[in-house]
Amino acid sequence: MKITYCDALIIGGGLAGLRASIACKQKGLNTIVLSLVPVRRSHSAAAQGGMQASLANAKKSEGDNEDLHFLDTVKGSDWGCDQQVARMFVTTAPKAIRELASWGVPWTRIKKGDRPAVVNGEHVTITERDDRHGYILSRDFGGTKKWRTCFTADATGHTMLYAVANEALHHKVDIQDRKDMLAFIHHDNKCYGAVVRDLITGEISAYVSKGTLLATGGYGRVYKHTTNAVICDGAGAASALETGVAKLGNMEAVQFHPTALVPSGILMTEGCRGDGGVLRDKFGRRFMPAYEPEKKELASRDVVSRRILEHIQKGYGAKSPYGDHVWLDIAILGRNHVEKNLRDVRDIAMTFAGIDPADSEEQTKDNMQGMPANEPEYGQAMAKQKGWIPIKPMQHYSMGGVRTNPKGETHLKGLFCAGEAACWDLHGFNRLGGNSVSEAVVAGMIIGDYFASHCLEAQIEINTQKVEAFIKESQDYMHFLLHNEGKEDVYEIKERMKEIMDEKVGVFREGKRLEKALKELQELYARSKNICVKNKVLHNNPELEDAYRTKKMLKLALCITQGALLRTESRGAHTRIDYPKRDDEKWLNRTLASWPSAEQDMPTIEYEELDVMEMEISPDFRGYGKKGNFIPHPKKEERDAEILKTILELEKLGKDRVEVQHALMPFELQEKYKARNMRLEDEEVRARGEHLYSFNVHDLLDKYNANLKGEHHE
Ligand SMILES: Cc1cc2nc3c(=O)[nH]c(=O)nc-3n(C[C@H](O)[C@H](O)[C@H](O)COP(=O)(O)OP(=O)(O)OC[C@H]3O[C@@H](n4cnc5c(N)ncnc54)[C@H](O)[C@@H]3O)c2cc1C
């Protein structure tokens, strides 16, 4: 039996896994990265939009800082995130951008002078300062107040992943692809590596390590319609669940992206709307401002997705053989902008939909002559003229994942997790656009470094026999999948699971439908025990892979659905039409799913409370979506008064925003990452008095005074 020993084992070669491998090498560890595919083809490469970090270089990002990034992140999460983790993240993100720049990521740069832009459907001119020429530019993305999403045209993930992969190779990380992690090796609640199947030869071997880090990405392929790559099936997270010790956090927190191409699901980046693109219904009307007067198309993703579906449900969607959809209009930005800044989007639309989205020419005007605007075909005809892209919401991002502490360690000691696979929990119930590639790199830095420290100290305390028993178990399992008496077909079961998830566990959820989904999924899970693979070879066998992965995916589907059924509130991307309010009184918590016994056919669910008294910002209105839509936490007022008092007292003593922040909510972070971020405008900010911690003082003061007067405030 083949056993490979190393200090640090990393499963997953996306941004998170590769960046963590560099952290391990920096501490001199013998490090192996395993991946299903060549690492540069990891899903991270698909990110087009960009990476959030508060650099404050460009005109539209003036005055930006960690506090504002933090505020956007917490509001975006609908107060479901761990605020200390959000602080760790926003403090490190600017350093991550700069590090990536030093590794050669060709960030799009500022050009001094005037440039045309489309803001809120209007053509405007933005003037960049001469002294900012050549610094990293940022775009409007993710519904944030300040423009802080850094990008490399529309191939951000691609350039980032290549740079990090090059750096990992430069550090001589041992990268091995076409390796599929099947199970974790663990004993006495400690993890000692993984059992791995070679996807080509079918050989099962063990990688034994002092520490193991999981960075296998999201679980989007549990759904039928998704923007995710086919490798994003969550099998890594399911393997953690199958240890019976590690737990999954908030699996019901699934993000649906509003602008996925119909029918393929290829993402039309949010950069389209960030750059000024608008959404139109079948009549060509821009409908978002009526629903979201303040943020319009740039409200958070969960909000835009819901609004699109509401509008379609009212009968305003354009008809298509693949169901109703709406239109994304980027032609409004002008051909030059589309061809230069949204090249990939144009390429995708032309290749997969036969549409040139830069086309604003009224080429087929004659076709529409005399056609009344309320004709069902009117929108289609308009779109043909304008090159609009057919889009609708589809699964996009997995906020849920393997639950970790702020250092990235799971409930199974020695098993760490980072990136989309994890529930670190930066995103709560909705992650902001641009915060995810950022999280992958930042978590790779922070968690990678904590993980490396763990590996330096840990010992391998498992004997060879035990390791061999783990290998044997997986070998027997592969044999069973090929040679059992069962008659079930893996593809039939997998397809039905995806349909159930789409139909009943999507954007709008409801108790009765979730119950039905759960029942059907349980039946599928029972049937999956009788899957028998028809292609009887152990090597190079896609059907065999599907067989063991589908069984894992079904466990995740059960965790998502059970979590969604039990959570009788609406928070972020989790919308219960039978419980439309966010309920901070009963549901300010995180769902934890575990699977302690292999005999179980349902996850065990428990909850982790979020402590309002430890929050830097107490739960409040998000600034978009429905107003008055939450039941306040009983301790909210007490915490708000405490926050207000602290801020006022410390500012009177001349303390700046970093010192005040620390007093409100201390958080732990490595010194090198906690160091203050310098910005070009530091002196000007000080002169303007913006170095003070002020982002929610006025708001709180208003409420405080209103309470004194006995006025009711939301
Ligand atoms: C189309 C699209 C566009 C996006 N655009 C943006 C954007 O503009 N900005 C942003 O912030 N975020 C964006 N995101 C999200 C972001 O790209 C991802 O969240 C992030 O890249 C995930 O990185 P990761 O390292 O966690 O995982 P991934 O990049 O998914 O890497 C996972 C790795 O795990 C390996 N793996 C998986 N299972 C196994 C196994 N069983 N055994 C061994 N290896 C395994 C894979 O081979 C792969 O190497 C986008 C997502 C999509 C779907």
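What counts and what doesn't
- Residues numbered from 1 in each chain as written.
- Predicted model: local features only at pLDDT ≥ 70, side-chain atom pairs only at ≥ 80, totals over all residues.
- Heavy atoms only, no water.
- UniProt positions renumbered as here; feature names shortened; annotations may be inferred.
- Helix = DSSP H or I, 4+ residues; strand = E, 2+ residues; numbered from the N terminus.
- Rg over C-alpha atoms; globule rule 2.2 N^0.38 Å.
- Contact = heavy atoms within 4.5 Å.
- Areas by Shrake-Rupley, 256 points an atom, 1.4 Å probe, with all protein chains shown as cover.
- Lys, Arg positive; Asp, Glu negative; His and termini not counted.
- Charge placed at Lys NZ, Arg CZ, Asp CG, Glu CD.
- Phe/Tyr/Trp six-rings, centres within 6.5 Å; stacked < 30°, edge-to-face > 60°.
- Lys NZ or Arg CZ within 6 Å of the ring centre and 35° of its normal.
- Buried < 20%, exposed > 50% of the residue type's maximum accessible area, 1.4 Å probe, protein only.
- Pairing = 2+ DSSP bridges.
- Axes fitted to C-alpha atoms, helices over the stretch in contact; angles between N-to-C directions.
- Parallel < 35°, antiparallel > 145°, perpendicular 65-115°, else oblique.
- Nonpolar A, V, L, I, M, F, W, Y, C, P; charged D, E, K, R; others polar.
- Near = heavy atom within 4 Å.
- Polar contact = N/O pair within 3.5 Å; in protein donor to acceptor, adjacent residues only side chain to side chain.
- Expected span 1.5 Å × (residues − 1).
- Core = buried A, V, L, I, M, F, W, Y, C linked by side-chain atoms within 4.5 Å.
- Domains from an automatic or database assignment.
- Buried area = accessible area lost by both parts, 1.4 Å probe.
- Salt bridge = Lys/Arg side-chain N within 4 Å of Asp/Glu carboxyl O.
- Arc of directions from axis to C-beta.

- With an unreviewed UniProt entry as reference, the chain is termed Fumarate reductase flavoprotein subunit, source organism Helicobacter pylori NQ4099.
- UniProt's Cofactor (unreviewed entry) comment on the chain is quoted here verbatim: "FAD".

## Structural notes on the overall build of the chain
Part 1: Scanning the chain from terminus to terminus reveals 22 helices and 25 strands.
Part 2: Relative to the globule expectation of 27 Å for 714 residues, the C-alpha radius of gyration of the chain, 25 Å, shows essentially globular dimensions.
Part 3: Dimensions along the principal axes, computed over C-alpha positions, put the chain at roughly 70 × 70 × 55 Å.
Part 4: Put simply, 73% of the contacts in the chain that link residues at least 6 apart link residues at least 24 apart.
Part 5: Entry remark: accessible area of the chain is about 27200 Å², with carbon and sulfur atoms responsible for 50%.
Part 6: Across the chain, the 100 positively charged side chains and the 104 negatively charged ones have centroids separated by 1 Å.

## Overview of the packing of aromatic side chains
Part 1: Per the stated rule, a full pass over the model turns up 7 aromatic pairs.
Part 2: Judged by centre distance (5.3 Å) and plane angle (80 degrees), the ring pair of W587 and Y607 falls under edge-to-face. With W587 in the loop between β22 (582-583) and β23 (589-594) and Y607 in strand β24 (residues 604-609), this pair connects stretches of sequence that are 20 residues apart.
Part 3: Here the guanidinium or amino end of R87 rests over the ring plane of F70, the centre of that ring lying 4.3 Å away.
Part 4: Seen from the ring of Y316, R285 lies directly overhead, with NZ or CZ sitting 4.8 Å from the centre.

## Quick notes on the pairing of β23
Part 1: Taking burial as the measure, the 6 residues of β23 include 6 buried ones, the bulk of the element.
Part 2: Where burial is concerned, the two faces of β23 agree: the one with N589, T591 and A593 and the one with R590, L592 and S594 are both buried.
Part 3: Pairing between strand β12 (residues 248-249) and β23: 2 bridges, direction antiparallel. Pairing of L248 across the sheet is with A593, part of β23.
Part 4: Pairing geometry for β23 and β24, over 6 bridges, is antiparallel. Within β24, the residue paired with R590 across the bridge is E608.

## Brief notes about the packing of helix α3 (residues 83-102) against helix α13 (residues 435-457)
Part 1: Their axes nearest at 9 Å, the elements α3 and α13 cross at an angle of 95 degrees. Here α13 runs roughly perpendicular to α3, going by the angle between their axes. Of the residues in α13, those touching α3 at M88, F89, T92, A93, K95, A96, E99 and L100 are N435, S438, E439, V441, V442, M445, I446 and Y450.
Part 2: Residues belonging to the contact of α3 with α13 are distributed by class as follows: 10 nonpolar, 3 polar and 3 charged.

## Considering the site of the ligand
Part 1: Close contacts around the ligand come from 38 residues, with S42, H43, S44, E420 and S436 the closest.
Part 2: Within the backbone of G13, one N or O atom sits 2.9 Å away from an oxygen atom of the ligand.
Part 3: In the model, a nitrogen atom of the ligand is placed 3.1 Å from a nitrogen or oxygen of the D180 side chain.
Part 4: Protein chains shield 98% of the accessible area of the ligand, which is 1000 Å² for the free molecule.

## Points about the sheet that holds strand β13 (residues 254-261)
Part 1: Within the open sheet, the 4 strands sit side by side as β13-β16-β15-β14. Their pairing is antiparallel. The open sheet has two edge strands with one neighbour each: β13 and β14 (278-280). On average, adjacent strands in this sheet sit at an angle of 50 degrees to one another, irrespective of strand direction.
Part 2: Taken together, the 3 bridges between strand β15 (residues 326-329) and strand β16 (residues 389-398) define a ladder with antiparallel strand orientation. Across the sheet, the residue bridging to V326 is I391, located in β16.
Part 3: The strands that helix α8 (residues 301-316) touches are β13, β14, β15 and β16; relative to β13, the one it contacts most, it runs at about 60 degrees.

## Things to note about helix α17 (residues 542-566)
Part 1: Taking 1.5 Å of rise per residue, 25 residues should cover 36 Å, and α17 covers 36 Å from first to last C-alpha, within 8% of that figure.
Part 2: Burial analysis of α17 places 23 of its 25 residues in the buried class, which makes it a mostly covered element.
Part 3: Sitting at the head of α17, N541 places a side-chain oxygen 3.1 Å from the backbone nitrogen of E543.

## Digging into the environment of H539
Part 1: Looking at the element boundaries, H539 is found in the loop between α16 (511-528) and α17.
Part 2: Judged by its relative accessible area of 41%, H539 is partly exposed.
Part 3: Along the backbone, H539 and D198 are 341 residues apart, and their C-alpha atoms lie at a distance of 8.2 Å.
Part 4: H539 has contacts with R197, I200, T201 and G202, leaving out every residue within four places of it along the chain.

## Remarks on the sheet that holds strand β6 (residues 138-139)
Part 1: Strand order in the open sheet formed by 3 strands is β3-β7-β6, and the pairing between neighbours is antiparallel. The strands lining the two open edges of the sheet, one partner per strand, are β3 (51-52) and β6.
Part 2: Bridging between β6 and strand β7 (residues 149-150) involves 2 bridges; their strand directions are antiparallel. Among the inter-strand pairings, R139 is bridged to a residue of β7, identified as T149.

## Some words on the nonpolar core
Part 1: Core analysis: the biggest nonpolar cluster contains 79 residues, and I185, L248, M501 and I560 have the highest contact counts within it.
Part 2: A per-element tally of this core places α17 first, with 12 residues.
Part 3: Those residues within four positions of I185 in sequence are excluded, and the remaining contacts are K190, C191, Y192, G193, A194, V195, A206, Y207, V208, I462, V467 and F470.
Part 4: By size, the runner-up hydrophobic cluster in this structure holds 67 residues, among which are F70, A93, A440 and L588.

## Some details on the domain arrangement of the chain
Part 1: Domain annotation of the chain identifies domain 1 (3-104 + 155-254 + 396-457) and domain 2 (255-395).
Part 2: Inter-centroid distance (C-alpha atoms) of domain 1 to domain 2 is 32 Å.
Part 3: The three residues of domain 1 that bury the most area against domain 2 are Q48, H225 and H396, which together make up 41% of that side's buried surface.
Part 4: Between the two partners, domain 1 and domain 2, sit 0 salt bridges.
Part 5: Scanning the region where domain 1 abuts domain 2 turns up 10 residue pairs in polar contact (both at pLDDT 80 or more).
Part 6: Here the element with the most residues in the side of domain 1 that touches domain 2 is β16; it accounts for 3 residues.

## Some thoughts on helix α10 (residues 343-353)
Residues three or four positions apart in an α-helix share a direction because the helix packs 3.6 residues into each turn.
Part 1: Burial in α10 covers these residues: V345, R346, I348 and A349. Projected down its long axis, α10 carries its buried residues within an arc of 165 degrees, all on one side.
Part 2: Those residues of α10 that are buried are in contact with β13, α6 (271-274), α9 (335-341) and β16.
Part 3: G354 occupies a position one or two residues after α10 and carries a positive phi of about 65 degrees.

## Points about unusual backbone geometry
Part 1: For the bond from V262 to P263, the omega torsion is 0 degrees, close enough to zero to count as cis.
Part 2: Tracing the backbone shows P263 in the loop between β13 and α6.
Part 3: Despite not being glycine, N250 shows a phi value in the positive range, around 45 degrees.
Part 4: Here N250 lies in the loop between β12 and β13.
Part 5: Given a relative accessible area of 0%, N250 falls into the buried group.

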